[in-house]
Amino acid sequence: MSVLPFVRGVDFTKNDFSQTFPSSMRQMSRVQWLTLDHTQLQEVPEELGQLQKLEHLSLNHNQLEKIFGELTELTCLRSLDLRHNQLRNSGIPPELFHLEELTTLDLSHNKLKEVPDGLDRAKNLIVLNLSHNQIECIPTPLFIHLTDLLFLDLSHNRLETLPPQTRRLTNLKTLDLSHNPLELFQLRQLPSLQSLEVLKMSGTQRTLLNFPTSLDSLANLCELDLSHNALPKLPDCVYNVPTLVRLNLSDNEINELSASMESWQRLESLNLCRNQLTALPAALCKLSKLRRLFVNDNKLNFEGIPSGIGKLGALEVFSAANNLLEMVPEGVCRCGALKQLNLSCNRLITLPDAIHLLEGLDQLDLRNNPDLVMPPKPSEASKATSLEFYNIDFSLQTQLRLAGAAVPPSMPAAATPKDSTARKIRLRRGPRCDGDQDAAKVLKGMKDIAKDKDNEAEGLLPDDGSGKPESLKPKRWDESLEKPQLDYSKFFEKEDGQQPGLTIWEIENFLPNKIEEVVHGKFYEGDCYIVLKTRFDDLGNLTWEIFFWIGNEATLDKRACAAIHAVNLRNYLGARCRTIREEQGDESDEFLALFDTEVIYIEGGRTATGFYNIEEMIHITRLYLVHAYGATVHLEPVAVALESLDPRHAFVLDLGTRIHIWLGKRSKNTLNSKARLMAEKINKTERKNKCEINVERQGEETEEFWQGLDVTAEEAAAQPPQEHVPDDYQPVQPRLYQVQLGMGYLELPQVELPEQKLCHTLLNSKHVYILDCYTDLFVWFGKKSTRLVRAAAVKLSRELFNMMDRPECALVMRVPEGNEMQIFRTKFLGWDEVMAVDFTRTAKSVAKTGANLTQWARQQETRTDLAALFMPRQSAMPLAEAEQLEEEWNYDLEMMEAFVLENKKFVRLPEEELGHFYTGECYVFLCRYCIPVEEPEAAGEDVEPAAAAAASAPDDSNPKSPQQSQLMQSQPEDEIQCVVYFWQGRNAGNMGWLTFTFTLQKKFKAMFGEELEVMRIFQQQENLKFMSHFKRKFIIHTGKRKDKALTADGKAPVEFFHLRSNGGALTTRLIQINPDAVHLNSAFCYILHVPFETEDESQSGIVYVWLGSKACNEEAKLVQDIAEQMFNSPWVSLQILNEGDEPENFFWVALGGRKPYDTDAEYMNYTRLFRCSNERGYYTVAEKCADFCQDDLADDDIMILDNGEHVFLWMGPRCSEVEVKLAYKSAQVYIQHMRIKQPERPRKLFLTMKNKESRRFSKCFHGWSAFKVYI
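Cut-offs applied
- Residues numbered from 1 in each chain as written.
- Predicted model: local features only at pLDDT ≥ 70, side-chain atom pairs only at ≥ 80, totals over all residues.
- Heavy atoms only, no water.
- Helix = DSSP H or I, 4+ residues; strand = E, 2+ residues; numbered from the N terminus.
- Contact = heavy atoms within 4.5 Å.
- Areas by Shrake-Rupley, 256 points an atom, 1.4 Å probe, with all protein chains shown as cover.
- Expected span 1.5 Å × (residues − 1).
- Buried < 20%, exposed > 50% of the residue type's maximum accessible area, 1.4 Å probe, protein only.
- Arc of directions from axis to C-beta.
- Salt bridge = Lys/Arg side-chain N within 4 Å of Asp/Glu carboxyl O.
- Core = buried A, V, L, I, M, F, W, Y, C linked by side-chain atoms within 4.5 Å.

(A) Spotlight on the overall build of the chain. Broken down by element type, the chain carries 25 helices and 53 strands. Expressed as a percentage of contacts within the chain between residues at least 6 apart in sequence, the contacts between residues at least 24 apart total 58%. Of the roughly 67,800 Å² of accessible surface on the chain, a fraction of 49% belongs to carbon and sulfur atoms.

This is the structure:
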């Protein structure tokens, strides 16, 4: 059954009916209003003649030239809008004005040269608009018959006079005569128009000679427009109109205003722009209701604005652009209601200090004031505005409090610039006489507060602060009820329970859904309901009764939710009643009395249960064109065919379980990345991450892609994609309809779009909407919408879909609130779920999308964790403790076998290479630990005599005593642990790990079973236990084991090693670095191997062990031992060099020449590395351990490095811009904190990026080299 006969109104604005008009419009026999604006109509469709009940018709902004025939048959027509067409006098039939019900007629913006014939017969006209035509005269009979007119617009015509019969329009309230050549017309009919409220005479050539002096006789005049005339001053009669609310005097030659303007006590808007004013009268300050004042393009200076302007307490808009202002009176800042202030294009030097106190100011325009210097903000105001950043308070006090640290009593304040002029003014004023009084008041208040606290501590006052003693009488159950701090807006509406009557909700998907009155008393056996009865008591107060009804076949979730939401309803209303349970077939008399008729049970259930059944989704193959339109990227459905592909664009082929992204050869990279992002979102939000995403490049397509398009690879090769998408391609502008349901009728109005932008905030959960995108039609169901409206919307969407010619790929889709598909979301500006989870976009880019960032930030509960910034630095492990740990862990080590990856398989590592690692290799260490189990003390006391006896017995004592046997059996066995360490160099690929996983690891598990523990460790990220097994002799070489590295000229390279401990002796490493003298440091030890050129393969050379003057003795001994073991060859000579004893011939030449280097490593006592990230869904700062390395610098994050003198903000190439801003604020907070903790070491903040690090940054990392390249 069609629903079109029940449609009462529909808005077809911006639909294209230039080719065909929907013939199904004939079925709308009951339609009462119809909007066909911007529909490209060239003639009135004949279908409109069948709509006999049509009352309101709008056909504006079309191409109509005539309206014969159809409209004259609409006997019920009351309003007709035909503005912005091509109508001429010959195209308007006189029969049109015989319609007795016609009251509103708009023929503006057409090509009429005279008043249409027969218009005087439309005696019931109330509104008549003939503006923007070419009418030269008004016929005399017109105003003889149209005496009921309330609105008359004759502006922008060629009228030179009005007929005398104009005085007959005694009911007229609005008269617009603007922009007509009425220079010789005196407007003597004005005194007869006593009902006139709005009079517009803009551009009517008014002068002081032809101005109507009887204007003050209009007792009801509220709005007067005299703009665009040649008035040198304002006539006195205008001052005598006390009823004026809006007055427009712009674009005249007025040079002064009289003080008589104080009679305009009702005036709210005054426009004086583009005149010759040099001053405003002081009487202006007496207009207490003035809200908008415009004085742009005049000659006003500082003295021209009255100092008492601050008395205008209702002033919201003050615009004084393009004047001669050097200052503005301070009174402007006392206008507390001011929202917009425009002072652009002046000569401003400064502004009053109180300008910062205008809290309600939304817009301040100070452009084109080159000499303007803004006054400094007050200290409190500046602090308050600087703390909030992305809804995060970055003040040091707040962050210390959140971290649980002690807040210092005094914080060092930043030095504010001194204002010498303000200081002189203060000196002239002299000392304040009331300063002592204010101080006394403050002291007295502090004493009173202290006394109150003492009284509370002694128990003299109760906790609530009131003097009444707390009652010991127990409270009744209803008196102790408290409304929980919950948001009930998603369950119930504001008007629920506020009017007498009956309200019923049904439980659907865990939530209550209100049902219509027509189905009250009809309950489904498989559903549950909440019933609310509201009435007034004898005192006129609202009282409530709440029932929840349980059907016999209802599921468990519906039963539980009915009881829960019944309690929620009671809490929401603040009711003291109980919630009463009613079961099917056993209802109470009170419950049955709520209904006028007998309760009816219906078999089955109407609503869905919250326990969903997992079903396979049925997907329709679709092909989308990815295109950028405006500020967003859209997916536009196209035919699933080879001919739809275009090499200049990207396409998304959705096959349900697979998504193929086709990239044309000339498609833009931005669209390619957006296409990938769209596919990822579809997979995440609609396919539960079970969809396979494939990227297909033109010319490299897979067979599965061509199968999705239902073609073969051979057919595709024979017919390559052609360019067919227009360069100026624009999708059809979506139209958003709201489905409205009344008693027996449907209405389909379009939603008014703010700034012509489709925003998802327009969707209301109480309603149902239809989004018509031409290629697709979506029906959006709000969570709180009723089922009748949903059913009507589904049927109406089908009718609307079939009304227009659409492509074959077009579909009708249902979209429930909360489960919107990605293609639906792309139609709305700024609808992106990523924004609510992570800070990934800048405030500027979000503002371009139309989203209100301030309102969004207030709604979010922003969570941050900056506690790591305020934790003390991890102290280095003492040498004694490190040696003890090393001894214990090596004591537990029973066996260690080493393997290295060689020719794609693991072989045993030679014993002489143990402790030597190469950055391009992978190693495996199998460690077997024997951990002794501690014996219990009680058992030891019992067996001690037996143990002594066993020790004194001879070896051949046989048999053993029972005590000895018991002793041997009671001794616990040692625990055996097997750990496999997989070590991967920073330049080694992941193939080693895969090889280990499928070969060696399986063998180890077969040998040791579940006791085996596998640990994967990376270079310079080893744990302490693993490091302890090498006894501080941990050497890392560059390259691979068996690859003999050579220089560019084929010679053996110089090898340079740096010994360093990070955070303790256990983390000591000797790492090969680039041979350069700048890497030397007096606090460390180095090994320099200089090879000699020989004819044979003997590796001869000289090895220097360089000992820094400030290096510790332990490291000096250690580096000598390592050097002797590494270069134990008769062909290599070993020399120990103290700093300052270096030979020139080999040492400095091998290091590239003598260069300045650091003479201390004080930074080692202060270095700290922090990681800033949003990966948890909120902003966090975490500190790396003291043994950090270069690979800890993650590309996705931002790092903060402190070396005691500088704080570096290192930015990864893939970090978001917002993360940069948050990390920058965090670094500032950290610097403030360290300024308090270490005032003797002030730090400066520096920014650095990957591959652009300075020596001051890189020296904090042991073994700094080129970054690892990820493939």
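(B) Geometry of helix α24 (residues 1217-1237). Here α24 is 21 residues long and its end C-alpha atoms lie 30 Å apart, about the 30 Å a rise of 1.5 Å per residue gives. Among all positions in α24, only V1218, E1219, L1222, A1223, K1225, S1226, A1227, V1229, Y1230, I1231, H1233 and M1234 are buried.

(C) Main features of helix α22 (residues 1113-1126). Here α22 is 14 residues long and its end C-alpha atoms lie 20 Å apart, about the 20 Å a rise of 1.5 Å per residue gives. When we look at burial in α22, the residues that qualify are E1115, A1116, L1118, V1119, I1122, A1123 and M1126. Summarising the axial view, the buried residues of α22 lie within an arc of 165°, below the 170-degree limit, and thus occupy one face. Within α22, the exposed residues directed more than 90 degrees away from the buried face are N1113, K1117 and Q1125.

(D) Structural context of the pattern of salt bridges. With the rule as written, the count across this model stands at 44 salt bridges. As a salt-bridge pair, E316 and R291 come within 3.6 Å of each other at their nearest N and O atoms. Taken together, the residues E316 in the loop between β13 (292-294) and β14 (317-319) and R291 in the loop between β12 (269-271) and β13 connect sequence positions 25 residues apart. What makes R291 partly exposed here is its relative accessible area of 30%. The partner of R1171 in a salt bridge is D1197, and the shortest N-O contact between them spans 2.6 Å. Highlighted residues: R1171 in strand β49 (residues 1168-1173) and D1197 in the loop between β50 (1179-1183) and β51 (1198-1202), separated in sequence by 26 residues. What makes R1171 partly exposed here is its relative accessible area of 22%.

(E) Expanded view of the nonpolar core. Counting 135 residues, the largest nonpolar core has F12 and F318 as its most contacted members. Every element with two or more residues in this core is listed here: β1 (7-11), α1 (142-145), α2 (236-239), β31 (735-741), β32 (746-748), β33 (768-772), β34 (776-781) and α12 (787-803). Filtering out sequence-adjacent residues up to four positions away, F318 remains in contact with L293, V295, I305, I309, V332, L338, Q340, L341 and N342. Of all hydrophobic cores here, the second largest spans 33 residues; its members include V626, I661, L753 and L771.

The analysis is restricted to geometry; functional conclusions fall outside its scope.
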